[in-house]
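Structural overview
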Amino acid sequence: MLDKIKETTDFIFAKTGAKPDYGIVLGSGLGGLVNEISIEHALEYTSIPNFPVSTVKGHGGKLIFGKLGGKNVIALQGRFHFYEGYTMKEVTFPIRVMIALGVKSLLLSNASGGMNPDYQIGDIVIIHDHINLLQSNPLIGKNYDELGPRFPDMSEPYDPTLIAKAKAIADKAGYRSHIGVYVAVSGPCFETPAEYRYLRNIGADIVGMSTIPEVIVGRHAGIPCFAISIVTDLGGFENAQKISHEEVLEVATASEVKLTAIIKELLKSID
Ligand code: HPA
């Protein structure tokens, strides 16, 4: 694994010379944030050695380098999901590469289903904690001490300073937003009504199929992580509603402006 990370990192550095400070992962329907980046380089995933290839509609499949909010960023436009059949190590390989390229923090976005009765479709949720119900963990297997400890601490999975700043930015902009707990399940089915109720009962506000593997790898490396979600559907209430991937993408795309504005302001406010 160390050789692969080095090979990919060397390739990217030779192509771009980029030294990004912040790593961004754009979730379902949220890839438009890239339009705000003043792009210096863009590499197709298919051209990068050892990179998995994205298969889901709504995921662009490019590694973008440039400036956002005055900062040097690297953005994954299109992430890899466990439900696509990738291993957890494949899902998180691009994060390892971002870290090897020198990023100081990870900023992630996703679309989620809301179970908290106070939440509405289109709300923003700043994630402050998570429950990993994926059936695996990217750190299973040999630990490379060069990358992080065997038993990483997870008492502060999401950075409190970034959470507070993002909440203040959302409030100032007048966006409906919450600070909540994210649970990740493997998917690809959306949840049954009983599953949504179960996920609510164990303490989660929103559910999705991503983000946690990337955060685990970020925390393994000791990097502050920040994650923000758009509630694209609601689950666990009476009169269960049908959900489709198309609707999820539609709501996510409609809310993209808010999320983009928050991430941009957040980057402006940190160093
Ligand atoms: N469940 C799981 N993942 C999701 C959902 C959901 O309701 N909405 C968007 N991603």
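Preceding this section is the structure that the text describes.
This text gives an overview of the structure that appears in the document.

1. Regarding the overall build of the protein chain
Regarding its fold elements, the protein chain presents 6 helices and 9 strands. Relative to its length of 271 residues, the protein chain is compact, with a C-alpha radius of gyration of 17 Å against a globular reference of 18 Å. The principal-axis extent of the C-alpha atoms belonging to the protein chain is close to 55 × 40 × 35 Å. The buried share of the protein chain, reckoned over its 271 residues, is 54%. A fraction of 82% describes how many contacts in the protein chain between residues 6 or more apart in sequence connect residues 24 or more apart. Summed over its atoms, the accessible surface of the protein chain is roughly 11,600 Å², and 52% of this surface lies on carbon and sulfur atoms. Charge-centre separation for the protein chain: the mean point of 25 positive side chains lies 4 Å from the mean point of 30 negative side chains.

2. Concerning the side chain of Asn116
Take Asn116: it is sitting in the loop between strand E5 (105-114) and strand E6 (124-132). Aside from chain neighbours lying at most four places away, what touches Asn116 is Arg200, Asp205 and Phe237.

3. Description of the site of the ligand
Near the ligand the following residues occur: Ala111, Ser112, Gly113, Phe190, Glu191, Tyr196, Val207, Gly208, Met209, Thr232, Asp233 and Val248. Gly113 places a polar main-chain atom, nitrogen or oxygen, 3.3 Å from a nitrogen atom of the ligand. Within the side chain of Glu191, an N or O atom sits 2.6 Å from a nitrogen atom of the ligand. In this structure the site holding the ligand corresponds to the largest pocket. Going through the elements one at a time, E5, strand E8 (206-208) and strand E9 (225-234) are the ones with two or more residues in the shell around the ligand. With 3 residues, the single largest contributor to the shell around the ligand is E5. For the shell around the ligand, a count of residues per class yields 6 nonpolar, 4 polar and 2 charged.

So, how was this worked out
- In this numbering scheme, every chain counts its residues from 1 along its sequence in written order.
- Local features in this predicted model are restricted to residues of pLDDT 70 or higher, and side-chain atom pairs are both shown and tallied only at a pLDDT of 80 or more, whereas totals for entire chains, interfaces and linings draw on every residue.
- To obtain the side-chain values, all non-hydrogen atoms of the structure were used and water was disregarded.
- Helix and strand assignments follow DSSP, with helices taken as H or I runs no shorter than four residues and strands as E runs no shorter than two, numbered in order from the N terminus.
- Radius of gyration: C-alpha atoms only; globule rule: 2.2 Å multiplied by the number of residues to the exponent 0.38.
- Partly exposed describes any residue whose relative accessible area lies between the buried limit of under 20% and the exposed limit of over 50%, with all areas from a 1.4 Å probe on protein chains only and scaled to the type maximum.
- What makes two residues a contact is simply this: any of their non-hydrogen atoms within 4.5 Å.
- Per-residue accessibility takes into account occlusion by the displayed protein chains alone, with areas from the Shrake-Rupley method and a 1.4 Å probe.
- The sign given to each residue is positive for Lys and Arg and negative for Asp and Glu; His and the chain ends receive no count.
- To locate a charge, the coordinates of NZ of Lys, CZ of Arg, CG of Asp or CD of Glu are taken.
- If even one non-hydrogen atom of a residue comes within 4 Å of a molecule or strand, that residue is called near it.
- What qualifies as a polar contact is a pair of N or O atoms within 3.5 Å, subject to a donor-acceptor requirement within protein and to the restriction that residues adjacent in sequence count only when both atoms come from side chains.
- Throughout, the protein atoms alone are placed on a 1 Å grid, and a set of points is a cavity if a 1.4 Å probe fits but cannot get out or a pocket if it is open with protein on both sides within 12 Å along at least five of seven lines; lining residues have an atom within 4 Å of a point.
- Occupancy of a cavity or pocket is assigned to a molecule whenever over half of its atoms lie within 2 Å of that pocket's grid points.
- The residue classification treats Ala, Val, Leu, Ile, Met, Phe, Trp, Tyr, Cys and Pro as nonpolar and Asp, Glu, Lys and Arg as charged. All others, Gly included, are polar.

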